[in-house]
Amino acid sequence: MSYVDGFVLAVPAGNKEAYRAMAAKAAPLFREFGASRVVECWGDDVPDGKLTDFRGAVKAEEGEVVVFSWIEYPSKDVRDAAVKRMMSDPRFKDMGDMPFDSRRMIFGGFAPILDA
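The structure contained in this document is the topic of the report that follows. Note that this is a predicted model, so its numbers are computed, not measured. (Residues numbered from 1 in each chain as written. Predicted model: local features only at pLDDT ≥ 70, side-chain atom pairs only at ≥ 80, totals over all residues. Heavy atoms only, no water.)

For the structure on display, the rule yields six aromatic pairs. With a centroid separation of 6.0 Å and 35° between ring planes, the pair formed by phenylalanine 33 and phenylalanine 92 is classed as tilted. Here phenylalanine 92 lies in helix α4 (residues 90-93) and phenylalanine 33 lies in the loop between α1 (16-32) and β2 (37-42), a separation of 59 residues in the sequence. Neither phenylalanine 33 nor phenylalanine 92 differs from the other in exposure class; each is buried. These aromatic residues form a ring-pair network of at least three members: Phe30, Phe33 and Phe92. (Phe/Tyr/Trp six-rings, centres within 6.5 Å; stacked < 30°, edge-to-face > 60°. Helix = DSSP H or I, 4+ residues; strand = E, 2+ residues; numbered from the N terminus. Buried < 20%, exposed > 50% of the residue type's maximum accessible area, 1.4 Å probe, protein only.)

Shown next, in the form of structure tokens:
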């Protein structure tokens, strides 16, 4: 089965196009390094929870929208090699300022257990 890196972050609503442009610039690099799929989703129906929720997880502030994204790789080994390449590739370093507060981004690697 594949391997998935998942991300949740808060982006100021006014930075939607800047975020989309940044993601569009990064996606081909992820693909070049081995990703089979890159998906970016702009929050549309993200309810407040009773105990926890997406907004709370990233400490979203007034006027921010939750973004949920994932990158699929053929395997964890391909993902690990891709991450190493990304960290040393000057194209990632030259992307400029992120249109969101990266300190509040949550992320992790996941091994699928069902793909129906």
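A few words on the pairing of strand β3 (residues 64-73). A large share of β3 lies buried, amounting to eight of its ten residues. Judged from the ten bridges that link them, strand β1 (residues 3-12) and β3 form a sheet pairing that is antiparallel. The residue bridging valine 11 from the neighbouring strand is valine 65, located in β3. Across six bridges, β2 lies against β3 in antiparallel orientation. (Pairing = 2+ DSSP bridges.)

Turning our attention to the side chain of arginine 79. Note that arginine 79 resides in helix α3 (residues 76-88). Assessed through its relative accessible area of 16%, arginine 79 is described here as buried. When near neighbours in sequence (up to four residues on either side) are disregarded, arginine 79 contacts Tyr3, Asp5, Tyr73 and Gly109. (Contact = heavy atoms within 4.5 Å.)

Our next topic: the pattern of salt bridges. In a structure, side chains of opposite charge can pair up when their charged atoms sit close to one another. Counted by the stated rule, this structure contains eleven salt bridges. With a closest N to O distance of 2.9 Å, arginine 91 and glutamate 32 form a salt bridge. Placement of the pair is arginine 91 in helix α4 and glutamate 32 in helix α1, with a sequence separation of 59 residues. Look at arginine 91 and you get partly exposed, because its relative accessible area is 37%. Note on glutamate 32: relative accessible area 42%, which makes it partly exposed. For aspartate 101, the salt bridge identified is with arginine 103, shortest N-O distance 2.9 Å. Aspartate 101 gets classed as partly exposed once you look at its relative accessible area, which sits at 22%. Classification of arginine 103 by relative accessible area gives exposed; the value is 73%. One continuous salt-bridge network, built from bridges that share partners, spans Asp5, Lys76, Arg79 and Asp80. (Salt bridge = Lys/Arg side-chain N within 4 Å of Asp/Glu carboxyl O.)

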